[in-house]
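Here are the chains, one letter per residue:
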Amino acid sequence: LIVLTEDPCAAQSMKHDSPVLCCAWDTSGQYALSGHRDPAIRLWRPSNNKLVSTFEGHAWPVHSIDVAASSRTFLSGGGDRAALLWDVETGRVIR
């Protein structure tokens, strides 16, 4: 069962075993990022609620996400006390 909604984080939390703990939209509204207990970060396309990619780097659940104004990078904070700066295009941690 897939439920379509304007909130990709709410819709996708129903499709995964791991609860959504945080969510952030890019400045253009073209994508959303969700942080999970599992501790992955997922990139969604809100227009069709499709998963675009998954970012893995935290050792504990992801509690916060903030997207840069350029939408090219985002910062995530986890229960592991790590703050990671990500490159959206490559999916890699910058620092």
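Heads up: these notes are all about the structure in this document.

**A short note on the side chain of R42**
So, step 1. You can see R42 is positioned in strand 3 (residues 41-45).
So, step 2. For R42, the side chain forms a polar contact with the side chain of H36, separated by 3.1 Å.
So, step 3. In terms of polar contacts, R42 uses its side chain to reach the side chain of D38, at 2.6 Å.

**Here's the deal with the sheet that holds strand 5 (residues 62-67)**
Two orientations exist for strands paired in a sheet by backbone hydrogen bonds: parallel and antiparallel.
So, step 1. Sheet architecture is open: three strands sit in the order 5-6-7, paired in antiparallel fashion. Strands at the two margins of the open sheet, each flanked by one partner only, are strand 5 and strand 7 (83-87). Neighbour-to-neighbour, the strand axes of this sheet turn through a mean angle of 25°, independent of strand direction.
So, step 2. In the sheet, strand 5 pairs with strand 6 (residues 73-78) via five bridges, with the strands oriented antiparallel.

**Here we look at the pattern of salt bridges**
So, step 1. Evaluated as defined, the whole model comprises one salt bridge.
So, step 2. A salt bridge links R42 to D38; the nearest nitrogen and oxygen atoms lie 2.6 Å apart.
So, step 3. Looking at D38, the relative accessible area reads 37%, which means it is partly exposed.

**A short note on the sheet that holds strand 4 (residues 50-55)**
So, step 1. Spatially, 1-2-3-4 is the arrangement adopted by the four strands of the open sheet, whose pairing is antiparallel. Each end of this open sheet is capped by a strand with a single partner; those strands are strand 1 (20-25) and strand 4. Neighbouring strand axes in the sheet, compared pairwise and without regard to direction, differ in orientation by 25° on average.
So, step 2. Across five bridges, strand 3 lies against strand 4 in antiparallel orientation. Across the sheet, the residue bridging to L43 is S53, located in strand 4.

What counts, and at which threshold
Residues numbered from 1 in each chain as written. Predicted model: local features only at pLDDT ≥ 70, side-chain atom pairs only at ≥ 80, totals over all residues. Heavy atoms only, no water. Helix = DSSP H or I, 4+ residues; strand = E, 2+ residues; numbered from the N terminus. Polar contact = N/O pair within 3.5 Å; in protein donor to acceptor, adjacent residues only side chain to side chain. Pairing = 2+ DSSP bridges. Axes fitted to C-alpha atoms, helices over the stretch in contact; angles between N-to-C directions. Salt bridge = Lys/Arg side-chain N within 4 Å of Asp/Glu carboxyl O. Buried < 20%, exposed > 50% of the residue type's maximum accessible area, 1.4 Å probe, protein only.

Taken by themselves, the reported measurements are silent on function.
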